[in-house]
Amino acid sequence: MTRPPHPCRKPLPCSTSPVQFIYEAGVTLGSVDEIKSRRVGCDLCKLIAECLDKEPSDLSGKCHVTEEFWYFQLPREVEVQDPSITHFHISEATVIFDTSEMNHFQGPHLPWEVKAKDTRESHGILWLQAKGRFCAEPGYPTVVTPQTKQEMSDAIGGRYVLAQVNTHLIRAWLHQCETKHGKGCWPAFPLSLERTRVPTFVIDVIRWCLVHCSSQCRYVALSYVWGKAAVYKHLRENTQDLQKTGSLLSLPIPATIRDAMTLVHAIGERYLWVDSLCIIQNDLEMLQSEITRMGSIYSKALFTIIAASGDSADSGLPGVEWGSREQVQKTLKFAEGELLTVIDLIPSGIDGTPWAQRAWTFQERILSNRVLVFSAGQVYWSCRAAAHSEERALEEVRNIRQLHLSFPQRYATEFLSWEPLQPSEYRLLYSDLLSSYRQRHLSYQTDMLNAFNGVSEILAALQDDTFFWGLPGLLFSYAMAWDFIGNSARNHVRVPIIGSKGSKETVPIPSWSWAAWSEENSNHPPYLRAGEGSDMRPVIDFNIVDTKHQLVKIKEWSWQDHPDNDISASWQEREPRQLPSPTQYSLSQIGYLYFWTSLANVRAARIWGGGKYILSPPPSPPNFYREIVHQDFIVIGRYSDRILLLLAIEWRDGIAYRTGSADIDERKWVQMENRQWRLITLG
């Protein structure tokens, strides 16, 4: 039986092939002192010793090889006091190159995916992977295409990652998407989205100027963080100059945008879309038009470059320019092959970056069919059919499972398949997308709806729906059931609106929209439940004043209600149901809702940490509730178990405004003595 040679010239007790570098669990490599004493003359011990040097000085124990791969761990015999040291469970991220299972290989997890902490008494300090035997050597200019079955097997493995990004590899990933993945990678769009215009401008990276985008334009999009950098903007005053050949060469274009232009040119593409340059920033009409089409802009892009490692537009794309990326990968050479250190294993890759926390980048990620992600150490490629990285050669693995990001990629790939959804699926998708979006941060509260418009556009096209201030019309009663878990308050944000005749109005976001509310502490955004109860039934006819100052009925999905409707009839009066005259609502504010419903003034308790109320609260200890009030409530929906959804409202000049929500058994509501049927104007 062949034994693979130990780097310290001592055989390891192992019964597996030396080609696979898989070793028996629990093989001891020595104590901390023993390994450090062998750092001279042993490359492996030198690597381990360098990792141990970064650990607390009082750490003791022994190094072992685990059963899965070259994965070294230290038992924690001494309690580490440094709270900054976090230990993650990384076994799922370890790549085992078992070529006998090549056709069923499930691939590695991307480095921002696994989040569970390791509760064991050991932690990893060094990760290595076997280099693919057929992978190109350092500095080799092209991607080698294997021809035989053996070459395909040998092409699966670790890969060299140099200081400069491998543009040939990016080209190969794109080529694989376009030639092998089919509709699974690039789905057919709904007709309403197909008819949507392409972006007005794109950057021509050959002419270095802005050009008008043709209907068949093949362009790459950029997703990045503006941050505190001085971002050069496209304005009305410079629009003609920016369309002159070479104009962008002499302008102070931020490093991230300039690197993206360089990259697009290097991979053989010509056009790039970047928001700051491709939208006239002081043209309100164009700005609103392009923002409402963000969904189609990113979903129609050839792929989206994600600048995940930077905190501003001046951070650049690591690896595009010489010297912008450190080469951190190290190698160990043996007679049987090579081992490479793993660059990104602990799955925290982009979760904590400014890019991952910004609200604008949320829709840019999930609406892109393909993304090229720049982390500090390497680039990743993810499409709807596969995922790849610079350091792991998996291009020859057939039937590789789609690697879902924990969120929101999972929902984007599973549900945004460009086929209409069932009501339950639509509710789940909308709720999860909105709840996740509201955990992100915005620099300007006026962008609350703008940064979600791309998602709204795609969902509206998918479901043949219309969104009203962030709420889907088909699910309007359900969407009105949103509430925050955590402290929130009205932000009183006013947004510019272009009217039907081109007139500009500045109107407040209606109180019934989630966009009208923000966290009281910007460092800890409250969790938004986008809707409550999958069995919400619409029982109210809502009408809204649109941007043309016309009263439009909101069309919801019809639901088959329970046959015994006698309880509802007692509070849902048939008359009156007359709406205001055209003269009245034409003078009303855009976004006002008009509807007839049941209203009652009820003693209620407001709960701490949210906008929820408890009606007719029982006695409780002091300070158990935030406050006890006599509050007006109105019915806006009903669940199938005869529970009514109520809005708490306050009045100003005859207009009602939302302050919170509550629910009550329908029978108890019917028994309210001061209940009345009333036309409500909800602002």
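Just so you know, these numbers come straight off a predicted model, no measurement behind them.

Procedures and definitions
- Residues numbered from 1 in each chain as written.
- Predicted model: local features only at pLDDT ≥ 70, side-chain atom pairs only at ≥ 80, totals over all residues.
- Heavy atoms only, no water.
- Helix = DSSP H or I, 4+ residues; strand = E, 2+ residues; numbered from the N terminus.
- Buried < 20%, exposed > 50% of the residue type's maximum accessible area, 1.4 Å probe, protein only.
- Contact = heavy atoms within 4.5 Å.
- Areas by Shrake-Rupley, 256 points an atom, 1.4 Å probe, with all protein chains shown as cover.
- Core = buried A, V, L, I, M, F, W, Y, C linked by side-chain atoms within 4.5 Å.
- Expected span 1.5 Å × (residues − 1).
- pLDDT = per-residue confidence, 0-100.
- Salt bridge = Lys/Arg side-chain N within 4 Å of Asp/Glu carboxyl O.
- Pairing = 2+ DSSP bridges.
- Polar contact = N/O pair within 3.5 Å; in protein donor to acceptor, adjacent residues only side chain to side chain.
- Axes fitted to C-alpha atoms, helices over the stretch in contact; angles between N-to-C directions.
- Nonpolar A, V, L, I, M, F, W, Y, C, P; charged D, E, K, R; others polar.
- Phe/Tyr/Trp six-rings, centres within 6.5 Å; stacked < 30°, edge-to-face > 60°.
- Disulfide = S-S within 2.5 Å.

**Student:** Quick one: what's the story with the overall build of the protein, residue by residue and with numbers?
**Tutor:** The helix and strand inventory of the protein stands at 19 helices and 33 strands. A burial count over the protein gives 57% of its 683 residues as buried. Here the analysis covers contacts within the protein between residues at least 6 apart in sequence; of these, 73% occur between residues at least 24 apart. Accessible surface computed for the protein: about 30,300 Å², of which carbon and sulfur atoms make up 49%.

**Student:** Go over the nonpolar core with me, naming the residues and quoting the values.
**Tutor:** In terms of nonpolar packing, the biggest core is built from 143 residues, with Trp514 and Trp669 touching the most fellow members. In this view, Trp669 contacts Trp571, Ser598, Leu599, Ala600, Val602, Phe633, Val635, Leu644, Leu646, Ile664 and Arg675; residues no more than four positions away in its chain are not counted. Judged by nonpolar contacts, the second largest core, of 14 residues, contains Leu44, Cys45, Leu47 and Leu339.

**Student:** Give a detailed account of helix H7 (residues 255–266), specifying residues and quantitative values.
**Tutor:** A rise of 1.5 Å per residue sets the reference length of H7, with its twelve residues, at 16 Å; its end C-alpha atoms lie 16 Å apart and thus fit the reference within 8%. Within H7, the full set of buried residues consists of Thr256, Ile257, Asp259, Ala260, Met261, Leu263 and Val264. The positive-phi residue at the C-terminal boundary of H7 is Gly268, with phi of around 90°.

**Student:** Pulling in residues and values, what's your account of the confidence of the model for the protein?
**Tutor:** Looking at the protein, pLDDT values average 75 and 70% of them are 70 or higher. Across residues 149–155 the pLDDT falls below 50, and counting only partners more than four positions away or on other chains, this stretch makes 16 contacts in the model.

**Student:** Give me the lowdown on the pattern of salt bridges, citing residues and values where you can.
**Tutor:** This model, assessed by the stated rule, comprises 14 salt bridges. One salt bridge connects Arg652 with Glu650, and the closest N-O pair in it is separated by 3.0 Å. Under the relative-accessibility criterion, Glu650 is labelled partly exposed at 36%. Linked by salt bridges that have partners in common, Glu178, Arg218 and Glu269 make up one network.

**Student:** Give a description of the environment of Phe468 that names residues and reports values.
**Tutor:** Inspection of the secondary structure assignment puts Phe468 in strand S17 (residues 467–468). Take Phe468: its relative accessible area is 15%, and that puts it in the buried class. It is 8.6 Å that separates the C-alpha atoms of Phe468 and Ile544, two residues lying 76 residues apart in sequence. Setting aside its immediate chain neighbours within four residues, Phe468 contacts Gly473, Phe476, Trp512, Ile544 and Ile554.

**Student:** Mind laying out the pairing of strand S7 (residues 209–212), listing which residues take part and the relevant values?
**Tutor:** Each regular strand shows side chains that alternate between the opposite faces of the sheet. Of the strand pairs in this sheet, strand S6 (residues 201–204) and S7 are connected by four bridges, and their pairing is antiparallel. The residue of S7 that forms the bridge with Asp204 is Cys209. From the end of S6 to the start of S7, which pair antiparallel, there are four residues, and Trp208 there has a positive phi angle of about 55°.

**Student:** Give a description of the pairing of S6 that names residues and reports values.
**Tutor:** In this sheet, strand S9 (residues 271–273) lies alongside S6 in antiparallel orientation, the contact comprising two bridges. Note that in S9 the partner of Ile203 across the bridge is Leu272.

**Student:** Please give an account of the side chain of Ser511 that cites residues and values.
**Tutor:** Relative to the assigned elements, Ser511 resides in the loop between strand S22 (504–508) and strand S23 (517–519). Among the polar contacts made by the side chain of Ser511, one reaches the main-chain carbonyl oxygen of Gly683 at a distance of 2.4 Å.

**Student:** Please give an account of the packing of helix H12 (residues 359–366) against helix H15 (residues 453–463) that cites residues and values.
**Tutor:** The geometry of a pair of packed helices is captured by two quantities: the angle between their axes and the separation between those axes. It is at 8 Å that the axes of H12 and H15 come closest, and there the two elements cross at 35°. On H15, the residues touching Phe362, Gln363 and Ile366 of H12 are Asn453, Gly454 and Val455. Among the residues making up the contact of H12 with H15, the classes are represented as three nonpolar, three polar and no charged.

**Student:** Account for the packing of aromatic side chains, naming residues and giving values.
**Tutor:** Under the criterion given, the structure shown has 16 aromatic pairs. Aromatic pair Phe452 and Trp514: ring centres 5.5 Å apart, planes at 85°, arrangement edge-to-face. Highlighted residues: Phe452 in the loop between helix H14 (423–437) and H15 and Trp514 in the loop between S22 and S23, separated in sequence by 62 residues. Note on Phe452: relative accessible area 1%, which makes it buried. You can call Trp514 buried: its relative accessible area is 0%. Each ring, one from Phe468 and one from Phe476, has its centre 6.4 Å from the other, and the planes form 85°; the classification is edge-to-face. Owing to a relative accessible area of 0%, Phe476 belongs among the buried residues under this scheme.

**Student:** Just give me the short version of the packing of H12 against H14, but keep the residues and values in it.
**Tutor:** The N-to-C vectors of H12 and H14 enclose an angle of 145°; their axes lie 10 Å apart at closest approach. Counted together, Ala359, Phe362 and Ile366 of H12 and Leu433, Ser436 and Tyr437 of H14 form the full contact between these two elements. Here the contact of H12 with H14 is composed, by residue class, of five nonpolar, one polar and no charged.

**Student:** A description of unusual backbone geometry should follow, citing residues and the corresponding values.
**Tutor:** If you check the backbone angles, Trp208 has positive phi at about 55° while not being a glycine. With respect to the helices, strands and loops of the structure, Trp208 is situated in the loop between S6 and S7. One non-glycine residue, Asp464, lies in positive phi territory at about 55°. Secondary-structure assignment places Asp464 in the loop between H15 and S17. The exposed category is assigned to Asp464, whose relative accessible area is 71%.

**Student:** Account for the environment of Thr245, with residues named and values stated.
**Tutor:** Along the chain, Thr245 turns up in the loop between helix H6 (239–242) and H7. Judged by relative accessible area, which is 56%, Thr245 ranks as exposed. Thr245 sits 41 residues away from Asp204 along the chain, and the two C-alpha atoms are 9.0 Å apart. Contact partners of Thr245, with chain neighbours within four places excluded, come to Arg207 and Cys209. Within the structure, Thr245 has its side chain in polar contact with the side chain of Arg207 (distance 3.0 Å).

**Student:** Explain the state of the cysteines to me, and be specific about the residues and the numbers.
**Tutor:** Under the definition given, this model contains zero disulfides. No disulfide involves Cys177; its sulfur sits 3.6 Å from the nearest other cysteine sulfur, which is in Cys383. Assessed through its relative accessible area of 2%, Cys177 is described here as buried.

**Student:** An account of H14 is requested, with residue identities and associated values reported.
**Tutor:** Over its 15 residues, H14 runs 21 Å from end to end, which matches the ideal 21 Å to within 8%, given 1.5 Å per residue. Counting buried positions along H14 yields eleven of 15 residues, so the element is predominantly enclosed. Every buried residue of H14 is accounted for by Tyr426, Arg427, Leu429, Tyr430, Ser431, Asp432, Leu433, Leu434, Ser435, Ser436 and Tyr437.

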